[in-house]
Amino acid sequence: LAEEQQRLAEQSREIEAKLLEAMATKEGVHSEFGKHEAAALEKQEELMQARDELHGKVEAMKADLTAEEEASAAGQREMREHLETALAEEQQRLAEQSREIEAKLLEAMATKEGVHSEFGKHEAAALEKQEELMQARDELHGKVEAMKADLTAEEEASAAGQREMREHLETALAEEQQR
């Protein structure tokens, strides 16, 4: 009985030693796992922070681009309005000159009976002046149309460039978020 008790006591000590060793190993593994988990969480936090910073930068760039688009559109509208105003003023001036010439022509026609040869000179000069004015008006109109076409082409090119920049930024953001 004493021997059996002795053997059981030794076995109990061995089991207890193995249990303590297993517990120490478990704590060590748990501690190591905790270190790795903490490092992974820290890295994840850094990545999320970097992603948020990149997102903020892209949003700021988008806002700047939108502001530039709006400023460009406003400038182009202002230029178009200026050109249209200048054209309207020039057309008004040409119309007034045309009326003056027409009045002189009518006046010359009224006095035609007494001054036939003088009338011919005035009529020829008036017709020549009217032809010059019409030609000047047509040239001005052509120039304004060409300027409008140039402005429209610039607006389209500017809008295309801004769309391309926006798409590039969105693609870069998507790639960075994916990474």
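Residues take numbers from 1 onward in each chain, read along the sequence in its written order. At least 70 in pLDDT is required for a residue's local features to be given in this predicted model, at least 80 for side-chain atom pairs to be given and counted, and no such filter applies to totals for whole chains, interfaces and linings, which use all residues. As a rule here, side-chain values cover all heavy atoms of the structure and leave hydrogens and water aside.

**A few points about the overall build of the protein**
Thought 1: A tally of regular secondary structure across the protein gives two helices and zero strands.
Thought 2: For 179 residues, the compact-globule estimate of 2.2 N^0.38 gives 16 Å, and the C-alpha radius of gyration of the protein, at 46 Å, exceeds that figure by more than 25%.
Thought 3: Expressed along its principal axes, the backbone C-alpha trace of the protein runs to roughly 165 × 15 × 15 Å.
Thought 4: The 179 residues of the protein split such that 10% are buried.
Thought 5: Should any heavy atoms of two residues lie within 4.5 Å, those residues are counted as being in contact. Contacts in the protein between residues far apart in sequence, at least 24 positions, make up 86% of those at least 6 positions apart.
Thought 6: By the counting rule applied here, Lys and Arg register as positive and Asp and Glu as negative, while His and the ends of each chain are not counted. In this description, the location of a charge corresponds to atom NZ of lysine, CZ of arginine, CG of aspartate or CD of glutamate. Distance between charge centres in the protein, computed from 23 positive and 46 negative side chains, equals 1 Å. Each helix is a run of H or I in the DSSP string that is no shorter than four residues. Each strand is a run of E no shorter than two, and both are numbered from the N terminus. Put simply, the radius of gyration uses C-alpha atoms, and a globule should come to 2.2 Å times the residue count raised to 0.38. The buried label goes to any residue with under 20% of its type's maximum accessible area, the exposed label to any with over 50%, and the partly exposed label to all in between, with areas taken from a 1.4 Å probe on protein chains only.

**With respect to the side chain of Q76**
Thought 1: Structurally, Q76 is set in helix α1 (residues 2-110).
Thought 2: Residue class for Q76 comes out buried when judged on its relative accessible area of 13%.
Thought 3: Not counting the four nearest positions on each side in its chain, Q76 is found in contact with L151, E154, E155 and S158.

**A few points about the side chain of K62**
Thought 1: Looking at the secondary structure, you find K62 in helix α1.
Thought 2: Using a relative accessible area of 18% as the deciding quantity, one classes K62 as buried.
Thought 3: Those residues in contact with K62 that lie beyond four places of it in its chain are R166 and E170.

**Observations concerning the nonpolar core**
Thought 1: Remark: nonpolar core denotes a set of buried residues (Ala, Val, Leu, Ile, Met, Phe, Trp, Tyr, Cys) joined through side-chain atoms within 4.5 Å. Counting five residues, the largest nonpolar core consists of L94, I101, L105, A126 and L133.
Thought 2: Listed by contribution, the elements that provide at least two residues to this core are α1 and α2 (116-178).
Thought 3: Among the elements that make up this core, the one with the highest residue count is α1 (three residues).

**Some details on the environment of R51**
Thought 1: Following the sequence through the fold, R51 ends up in helix α1.
Thought 2: Separated by 41 residues in sequence, R51 and Q92 place their C-alpha atoms 61 Å apart.

**Topic: the environment of S12**
Thought 1: Mapped onto the elements of the fold, S12 is located in helix α1.
Thought 2: Once the C-alpha coordinates of S12 and E78 are considered, the two residues, 66 residues apart in sequence, prove to be 97 Å apart.

**Examining the layout of surface pockets**
Thought 1: Using protein atoms alone on a 1 Å grid, points that fit a 1.4 Å probe yet trap it form a cavity, whereas open point sets bounded by protein on both sides within 12 Å along at least five of seven lines form a pocket; residues with an atom within 4 Å of a point count as lining. Grid points are joined across faces, edges and corners, and a volume is the space filled by probe spheres set on the points. If you add up the space inside the second largest pocket, you get close to 160 Å³.
Thought 2: For the second largest pocket, the full set of lining residues is L47, M48, A50, R51, L54, E176, Q177 and R179.
Thought 3: When contributions to the lining of the second largest pocket are tallied by element, the ones reaching two or more residues are α1 and α2.
Thought 4: Top contributing element to the lining of the second largest pocket by residue count: α1, with five residues.
Thought 5: Considering only residue class, the lining of the second largest pocket consists of four nonpolar, one polar and three charged. Here the nonpolar group is Ala, Val, Leu, Ile, Met, Phe, Trp, Tyr, Cys and Pro; Asp, Glu, Lys and Arg are the charged ones; every other residue, Gly included, is treated as polar.

**Regarding α1**
Thought 1: To estimate the expected span of a helix, count its residues, drop one, and scale the result by 1.5 Å. In this model, α1 (109 residues) spans 158 Å end to end at C-alpha, consistent with the 162 Å of a helix rising 1.5 Å per residue.
Thought 2: Taken residue by residue, α1 has V58, K62, L65, Q76, L83, L87, L94, I101, L105 and A108 as its buried positions.

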